[in-house]
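Each chain, written out:
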Amino acid sequence: MSRTMTRTQIAIVAGIILIAGAVLYAMGHPLICKCGYVKLWHFDVVSAENSQHIFDWYTPSHIIHGCLFYGLFWLIAPRSSFGLRLILAVLVEATWEVAENTDFVINHYREMTVSLDYYGDSVLNSVSDILFMIAGFFLAAWLPVWVTVLIAVALEVFVGVMIRDGLTLNVIMFVWPSEAILQWQQGR
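This section reports on the structure supplied with the text. From a predicted model like this one, the values you see are computed outputs, not experimental measurements.

How each quantity is defined
- Residues numbered from 1 in each chain as written.
- Predicted model: local features only at pLDDT ≥ 70, side-chain atom pairs only at ≥ 80, totals over all residues.
- Heavy atoms only, no water.
- Patch = residues over 30% accessible without salt bridge, like charges linked within 9 Å, V, L, I, M, F, W, Y side chains within 5 Å.
- Areas by Shrake-Rupley, 256 points an atom, 1.4 Å probe, with all protein chains shown as cover.
- Salt bridge = Lys/Arg side-chain N within 4 Å of Asp/Glu carboxyl O.
- Helix = DSSP H or I, 4+ residues; strand = E, 2+ residues; numbered from the N terminus.
- Axes fitted to C-alpha atoms, helices over the stretch in contact; angles between N-to-C directions.
- Parallel < 35°, antiparallel > 145°, perpendicular 65-115°, else oblique.
- Left-handed = near helix turned anticlockwise from the far one by under 90°.
- Contact = heavy atoms within 4.5 Å.
- Nonpolar A, V, L, I, M, F, W, Y, C, P; charged D, E, K, R; others polar.
- Core = buried A, V, L, I, M, F, W, Y, C linked by side-chain atoms within 4.5 Å.
- Buried < 20%, exposed > 50% of the residue type's maximum accessible area, 1.4 Å probe, protein only.
- Phe/Tyr/Trp six-rings, centres within 6.5 Å; stacked < 30°, edge-to-face > 60°.
- Expected span 1.5 Å × (residues − 1).

### A few points about a nonpolar patch on the surface
There is a patch of nonpolar side chains on the surface, built from Val-145, Val-149, Val-153, Val-157, Phe-158, Val-161 and Met-162 and spanning about 680 Å² of accessible area. Structurally, Val-153 can be placed in helix α6 (residues 145-163).

The following block contains the structure:
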């Protein structure tokens with residue numbers, strides 16, 4: 001299968017990203033960190049600047065999303081073009097970025113996880129997250145399955161070791177919070 005995209009498909013992807021950014025801004029999220037500057041990488045998870053800059057400890061989760069979405073859409077839409085699959089993946093990711101930044105989800109994260117200082121993402125961070133998902137989608141398209149799985153597992157383990165969180169723990173704590181996991185994440 002060709003891994004090329006038409007200009008229309010590229011325009012649709014760009015449009016989805018722009019719409020998601022505009023919706024987040026309309027919801028009251030800042031374009032960039034309220035600190036007034038943009039950093040390429042922000043190391044401190046427990047800070048008001050987390051999820052405000054281009055790259056943070058949760059960026060690998062979005063790369064993994066891209067790998068998972070590539071596999072999912074390859075399975076459920078095997079005859080669809082690469083471009084259509086990417087559009088669907090971007091639509092899902094952009095929808096999640098908007099949903100993740102609603103008061104309901106933000107408050108749920110704050111109540112059930114270690115994210116006590118989480119007030120939502122900046123528009124820059126959300127758009128970056130979508131772009132990193134796209135990077136993961138392309139990685140999964142280009143690499144052998146076993147390499148993609150190895151990279152995803154390595155990213156998840158690395159982030160888990162470094163910050164005691166990651167995609168798997170984030171999903172578990174969002175859907176079915178565990179006091180034991182919360183205490184481990186807090187270093188108790």
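This is not the end of the story, as more comes after the structure.
### Some thoughts on the packing of helix α1 (residues 7-26) against helix α5 (residues 123-142)
Contact geometry for α1 and α5: axes closest at 9 Å, N-to-C directions at 155 degrees. Considering the angle they form, α1 stands roughly antiparallel to α5. In the crossing of α1 with α5, the sense of the turn from one axis to the other is right-handed. In this structure, α1 uses Val-13, Ile-17, Ala-20, Gly-21, Leu-24 and Tyr-25 to contact α5, whose residues at the interface are Val-123, Ser-126, Val-127, Ile-130, Leu-131 and Ile-134. The residue makeup of the contact of α1 with α5, split by class, is 10 nonpolar, two polar and no charged.

### Re the nonpolar core
Grouped together as the largest cluster of nonpolar side chains are 23 residues, with contacts concentrated most on Val-13, Val-90, Ile-130, Met-133, Ile-134 and Phe-137. At the level of elements, α1, α2 (59-76), α3 (82-100) and α5 are the ones that each hand at least two residues to this core. Excluding residues within four positions of it along the chain, Val-90 makes contact with Val-13, Ile-16, Ile-17, Ile-130, Met-133 and Ile-134.

### Things to note about the packing of aromatic side chains
Aromatic rings in a pair are described by how distant their centres are and how their planes are angled relative to each other. All chains considered together, the criterion is met by 10 aromatic pairs. Between Trp-57 and Phe-158 the ring centres are 5.9 Å apart and the planes differ by 45 degrees, which places this aromatic pair in the tilted class. A residue pair is termed long-range when its members are at least 10 positions apart, and Trp-57 in the loop between α1 and α2 and Phe-158 in helix α6 qualify at 101 residues. Note on Phe-158: relative accessible area 44%, which makes it partly exposed. Feature note: the residues Trp-41, Phe-43, Phe-55, Trp-57, Phe-132 and Phe-158 constitute an aromatic cluster, connected by ring pairs.

### Observations concerning the pattern of salt bridges
As enumerated under the stated definition, the model contains one salt bridge in all. Between Lys-39 and Glu-49 there is a salt bridge, with the nearest N and O atoms lying 3.4 Å from each other. With a gap of 10 residues between them, Lys-39 in the loop between α1 and α2 and Glu-49 in the loop between α1 and α2 connect regions that are remote in the sequence. According to the relative accessible area criterion, Lys-39 is partly exposed, its value standing at 27%. Glu-49 sits in the buried class, given a relative accessible area of 17%.

### Notes on α2
It helps to recall that an α-helix has 3.6 residues per turn; residues three or four apart then point in one direction. With 18 residues, α2 extends 26 Å between its outermost C-alpha atoms, agreeing within 8% with the 26 Å of an ideal straight helix rising 1.5 Å per residue. Every buried residue belonging to α2 is among Thr-59, Pro-60, Ser-61, His-62, Ile-63, Ile-64, His-65, Gly-66, Cys-67, Phe-69, Tyr-70 and Phe-73, and all of these are buried. On the buried face of α2, the contacting elements are α3, α5, α6 and α7 (167-175).

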